[in-house]
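Structural features, examined
Chain residues, written in single-letter form:
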4 protein chains.
Amino acid sequence: MTNINSFGIIGGDKRQLYCAKSMADDGYGVYICGFEKCDTLLGMELSDIDTVLENADAVILPLPATKDGITLNAPLSDKVIELDKLFEMIQDKPVFCGMSLPFEKKNIFYYGTREEFAVANAVPTSEGAVETAMLEYDGTVNNSKCLVAGYGRIGRVLSDMLAGLGADVTVCARSLKDLEFIKAKGFHAVNTNDIHGKYDIIFNTVPYMIFNAHILAKTALNALVIDLASMPGGVDFSAAKRLNIKAVHALSLPGKVAPKSSGIIIKNAVYNIIREEHL
Amino acid sequence: MTNINSFGIIGGDKRQLYCAKSMADDGYGVYICGFEKCDTLLGMELSDIDTVLENADAVILPLPATKDGITLNAPLSDKVIELDKLFEMIQDKPVFCGMSLPFEKKNIFYYGTREEFAVANAVPTSEGAVETAMLEYDGTVNNSKCLVAGYGRIGRVLSDMLAGLGADVTVCARSLKDLEFIKAKGFHAVNTNDIHGKYDIIFNTVPYMIFNAHILAKTALNALVIDLASMPGGVDFSAAKRLNIKAVHALSLPGKVAPKSSGIIIKNAVYNIIREEHL
Amino acid sequence: MTNINSFGIIGGDKRQLYCAKSMADDGYGVYICGFEKCDTLLGMELSDIDTVLENADAVILPLPATKDGITLNAPLSDKVIELDKLFEMIQDKPVFCGMSLPFEKKNIFYYGTREEFAVANAVPTSEGAVETAMLEYDGTVNNSKCLVAGYGRIGRVLSDMLAGLGADVTVCARSLKDLEFIKAKGFHAVNTNDIHGKYDIIFNTVPYMIFNAHILAKTALNALVIDLASMPGGVDFSAAKRLNIKAVHALSLPGKVAPKSSGIIIKNAVYNIIREEHL
Amino acid sequence: MTNINSFGIIGGDKRQLYCAKSMADDGYGVYICGFEKCDTLLGMELSDIDTVLENADAVILPLPATKDGITLNAPLSDKVIELDKLFEMIQDKPVFCGMSLPFEKKNIFYYGTREEFAVANAVPTSEGAVETAMLEYDGTVNNSKCLVAGYGRIGRVLSDMLAGLGADVTVCARSLKDLEFIKAKGFHAVNTNDIHGKYDIIFNTVPYMIFNAHILAKTALNALVIDLASMPGGVDFSAAKRLNIKAVHALSLPGKVAPKSSGIIIKNAVYNIIREEHL
């Protein structure tokens, strides 16, 4: 980490601010821009974009860097920053951004597609799921019957959290290997093809239709259903409505429930890239 | 439980409704009144007070039964029910109410002062504390440094929940015995007279001033402080404000965060009284 | 802790040696005697009894200090030390011993009757119970159905350990308060008067007859029963034999399974006495 | 599972007996042979090999099926069974055996190489590791500082168990992804290239040399080292001896510590094969 001594953080939400703050705490020079509308700058000062690019050895853009393909994703800014103009100004400096951009550029690195980044984000996602359950369910999570569908990153972290709160945890999965890991935890293990029983709270993490009308009617009457899978999710929301089941599609939880932790996760991913790429 | 086959639930908040619902699910006749303004009756029907008292073998009043000493505590009702009139109508039927009333009456029983009731309520209180932490703290509870002050009912349940979410848990207590129980859990154990270190989230459960300006400055800078102790609590809130520390006095959590579980806790306490008193 | 700068540890088993070692690591002068037959001295040197008493500011005797009322309990010594002769030599120096002696003496303090000492010892006792279960049971503790009878110190620590290993834990107790604490942990809570179901491993911590022939036949066929309650225990061992149930009376576990931790627990109790008594 | 209604279990240790017993409990016809020297037959009867092969629809051989390539692995038998003679008698019946044999055969299936079998066995292996630690370490696992090297199947299950017992758990791994999963659990996460600190108990699960003289001297003085990795393991045992560090190579734990659970794991793997292969 010899050549990069300062970062410019441009655009994005509070996560980027916390990423900047944490980098400053680590001793880096940090220049931020695009946060005029934020209620706090965490003790940092805003710069204009020219100052940022003049001083920063590398640039960090948000996740996603753009929503329309043309302008930077900067919901806390009151200015519009055009992407091609921005990249012209950046020149050959290293750029870290969330996910692949619609054009090529030298020295561009993606932190949002890294595996350890995804695992780390399973933590705020799972906590956001627990928080949603606590807000929406009239009983306690403690001693409730919870079903977690899927035992990938989120299923693994979430089921541990629920058990830690004293819930009665069932996890369904398809692979025999995952079912053994689930049993080893002392949870009830059920094959996804054979979901049965009644639950108080159901968490889906699987990105295809599992909770259709039939399964909802069988397992979720009087239950709260929280779908954590990205669009289109794994829950038939219109069937849930017909059946009078409260169903919530909870997306993008890390940035919403824990911008501080999420910002540090971005920082760590950037550091990992710098180490691996000898930047 | 031979003589009581039906209950009249009069006044109170959603907890009482859930208590009624759960009793109905157990097979009891249930008559409710005083919930006109509630958004749901959980599938039950309202009765007028005469019908309730005509049909119910026993009456359940809320916790507290009165706030002004004169009228029934019935925040979901649009009528005013005077206590002495009510008790005249009740005559000698058994009455279960939360805490001691300003007058004597035959056949009156208090569920709110029972020890198992207090322990059971430590669960929704602790979950409410966790929920508050998740809502107010910008990071995740997972991997945050948490301090729980006090190892009574709430401290015991809450510290387990925090550890179950993956927090780094320190508990402070005064009794050597409690400190050993805390160590046995694998938590950091600290004498309350010797609180030190910096924390991300501090939970106070002790009903006297522990977190004065000096202790707050030493342990809580940049922290979130949640006081769970009943008034006046154990946190110097004005000092917290001066020090720019976010401090929340979170009271009466069970009814707010988990009316369903809280209602069942009331039901269980009533059943326990009936069993013990051979009613 | 100003006046006591050195300790003489006389008699007892390996726990006393570890107590001595840990005190030496804390910087105290430590003189030991009565361990000639021990396979290790943990790097310390033996002294004769005169040297010990000449140099030590205070004396630590084992738990129990005597088994016959006449001689010191010194199973690792090849000499016989008579109690009254010993106390004559000790004169007025503070003496710390496990439990009450058959005579009076000035400056004598009992570490074995302290509450925090009992709680701390619940940890090695519980681990010893787990170890016994692992040795005697042909299956894994993980996913076994375990019943813990009693929710005092040992029941509390042991049930957490079993759950931590992935067992399916049921705890029975009599007090409504304890039953609520058990439920809060997410365990199955059963009234001791109403034990039912079949278990793989049963741990008794209650010092009166619970597991009579009737209860054993109902709950423990093919089970392993481990009685942790002091004599006479709470298990009908002859009934167990008749019923072909493997039953183990596991006593004095701390010294057997974890002399190091047990020695440190003794040390901590001695330190606590010194602090409280301003010795 | 239509065509196989009975199993012949020939040879192996107590695991095979428990496998047979559990299959009998499931309603299958079960014929066993090769267990003359076992202290118990779990209520089953021995048959001679001809009876077994006459009656059984399928045959289960142990893991490994042979140690010398010529005779069946049957440590509890007082007869020698030659493999080629055995297979001649078996003819075309399905055979389930642990690992690949030195010759080809129609209708042979290997349960020991299946992934879910390996995961399931991580449980008795981890419990055996805990049991070994309890037996060999003079303190309690509770509050000991434990290092687990590797976060594969065993590392994952073992670290949860240690934490469940109240240990202070550090896990080292190499992949950034695993390090994030470790952190999510609330454990200390350390890169394997950067192991540091002092530990009380070290568990190695990685099958290459990590704990060389240098690392042992740095982290394991006064520690207990338990190597769970298959030969040659990951610990320099001669260096450990030189350094006076107690080091144990604990192999083949499932059959030793939990033959019952291990037998059921074999049974489940056989059932899974039957389902997948439509036997």
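Everything quoted here is computed from the prediction, not taken from an experiment.

Here we come to the interface of chain B and chain C. Bring the parts together and some accessible area is lost; that lost area is often taken as the interface size. Of the residues lining the interface, 21 residues belong to chain B; the matching set on chain C comes to 21 residues. At the boundary of chain B with chain C, total buried surface from both sides reaches about 1800 Å², with 66% on carbon and sulfur atoms. By the criterion of area lost to chain C, the three top residues of chain B are B:Arg156, B:Leu176 and B:Phe181, representing 33% of everything that side buries. Our count for the chain B to chain C interface comes out at two salt bridges. A salt bridge links B:Asp160 to C:Lys185; the nearest nitrogen and oxygen atoms lie 2.6 Å apart. Where chain B touches chain C, the interface holds two residue pairs in polar contact (both at pLDDT 80 or more). If you tally residues by element for the side of chain B that touches chain C, the top one is helix H6 (residues 176–184) of chain B, at six residues. In the side of chain B that touches chain C, the residues fall into eight nonpolar, two polar and 11 charged.

With that out of the way, let us pick up the interface of chain B and chain A. Taken together, the contact pairs 24 residues of chain B with 24 residues of chain A. The junction of chain B with chain A conceals about 2100 Å² of combined surface from both sides, 54% of it contributed by carbon and sulfur atoms. Looking at the side of chain B facing chain A, the largest losses of area belong to B:Glu127, B:Met134 and B:Asp138, adding up to 31% of the total buried there. On the surface where chain B and chain A come into contact, there are two salt bridges. The shortest N-O distance in the salt bridge between B:Asp138 and A:Lys14 comes to 3.8 Å. At the junction of chain B with chain A, the criterion picks out 12 residue pairs in polar contact (both at pLDDT 80 or more). Where the side of chain B that touches chain A is concerned, the elements lending two or more residues are helix H1 (14–25), helix H4 (115–136), helix H5 (153–164) and helix H10 (259–277) of chain B. The element that contributes the greatest number of residues to the side of chain B that touches chain A is H4(B), accounting for seven residues. Here the side of chain B that touches chain A is built from residues that sort into 13 nonpolar, five polar and six charged.

Residue and element names in this part refer to chain A. With four of five residues buried, strand S6 (residues 145–149) lies mostly within the body of the structure. Of the strand pairs in this sheet, S6 and strand S7 (residues 168–173) are connected by five bridges, and their pairing is parallel. The residue of S7 that forms the bridge with Lys145 is Asp168. Handedness of the crossover joining S6 and S7 through helix H5 (residues 153–164): right-handed.

Moving on, we come to unusual backbone geometry. With omega at 5°, the peptide bond leading from C:Met231 into C:Pro232 counts as cis. Looking at where C:Pro232 falls in the secondary structure, it is placed in the loop between strand S10 (224–227) and helix H8 (237–242). With a phi angle near 70°, A:Asn222 is a residue other than glycine that sits in the positive phi range.

Moving on, we come to the relation of the copies chain B and chain A. For the pair chain B and chain A, the superposition axis carries a translation of 0.0 Å, the fit reaches an RMSD of 0.0 Å, and the rotation angle comes to 180°. Both chain copies can therefore be described as sitting about a two-fold axis. Across chain B, the smallest distance between a C-alpha and the rotation axis is recorded for B:Gly164, namely 1.8 Å. Take the interface residues of chain B: 100% of them recur as interface residues in chain A, which is what a same-surface contact looks like.

Mapping chain B onto chain C leaves a residual RMSD of 0.0 Å; the transformation is a rotation of 180° accompanied by 0.0 Å of translation along its axis. Interface overlap between copies is the fraction of interface residues in one copy that are interface residues in the other; for chain B against chain C it reaches 100%, indicating a shared surface.

All names here are of chain C. One open sheet holds the five strands; their spatial order is S2-S1-S3-S4-S5, and the pairing between them is parallel. At either margin of the open sheet sits one strand with a lone partner, and together these are strand S2 (29–33) and strand S5 (108–110). Strand-to-strand twist across the sheet, computed as the mean angle between neighbouring axes with direction ignored, equals 20°. Sheet topology places strand S1 (residues 6–10) next to S2; five bridges connect them, and they run parallel. Bridge assignment links Ile9 to a residue of S2, and that residue is Ile32.

Residue and element names in this part refer to chain B. Burial of strand S7 (residues 168–173) is extensive: five of the six residues sit out of reach of the surface. In this sheet, strand S8 (residues 188–191) lies alongside S7 in parallel orientation, the contact comprising four bridges. Paired with Thr170 across the bridge in S8 is His188. In the classification by handedness, the crossover that spans S7, the intervening H6 and the parallel S8 is right-handed.

As a further point, take the sheet that holds strand S5 (residues 108–110) of chain D. Residues and elements named next belong to chain D. Taken in spatial order, the five strands line up as S2-S1-S3-S4-S5 in an open sheet, and their pairing is parallel. Looking at the sheet topology across the chains shown, the edges are occupied by strand S2 (29–33) and S5. Adjacent strand axes in the sheet meet at a mean angle of 20° when their direction is disregarded.

All names here are of chain A. With the rule as written, the count across this model stands at 52 salt bridges over all chains. A salt bridge links Asp25 to Lys21, with the shortest nitrogen-to-oxygen separation between them at 3.1 Å. You can see Asp25 and its partner Lys21 sitting in helix H1 (residues 14–25), four residues apart, about one turn around the helix. On the accessibility criterion, Asp25 (55% relative accessible area) is exposed.

The rules behind these values
- Every chain's residues receive numbers from 1 upward, in the order its sequence appears when written.
- Labels are handed out in written order, letters beginning with A for the chains and numbers beginning with 1 for the ligands.
- At least 70 in pLDDT is required for a residue's local features to be given in this predicted model, at least 80 for side-chain atom pairs to be given and counted, and no such filter applies to totals for whole chains, interfaces and linings, which use all residues.
- Working from all heavy atoms in the structure, the side-chain values ignore hydrogens and water.
- Contacts are assigned to residue pairs with any non-hydrogen atoms lying within 4.5 Å of each other.
- A 1.4 Å probe defines the accessible area here, and the buried area is the portion of it lost by two parts on being joined, summed over both.
- The rule for a salt bridge is simple: a side-chain nitrogen of Lys or Arg has to be within 4 Å of a carboxyl oxygen of Asp or Glu.
- N or O atoms closer than or at 3.5 Å make up a polar contact, with two conditions inside protein: a donor-capable atom paired with an acceptor-capable one, and, for residues adjacent in sequence, both atoms drawn from side chains.
- Each helix is a run of DSSP H or I of at least 4 residues and each strand a run of E of at least 2, with the numbering of both proceeding from the N terminus.
- Three classes are used: nonpolar for Ala, Val, Leu, Ile, Met, Phe, Trp, Tyr, Cys and Pro, charged for Asp, Glu, Lys and Arg, and polar for all others, with Gly counted as polar.
- Each residue is placed in one exposure class: buried if its accessible area under a 1.4 Å probe, protein chains only, is under 20% of its type's maximum, exposed if it is over 50%, and partly exposed if it falls in between.
- Two strands are counted as paired when DSSP detects at least two bridges linking them.
- Here a crossover is taken to be right-handed if, once the strands point away from the viewer, the path from the first strand over the helix to the second is traced clockwise.
- Least squares is the method used to superpose the copies, on C-alpha atoms of residues holding a pLDDT of at least 70 in both.
- Note on method: axes are straight lines fitted to C-alpha atoms, helices fitted across the in-contact stretch only, with angles between N-to-C directions ranging 0 to 180 degrees.

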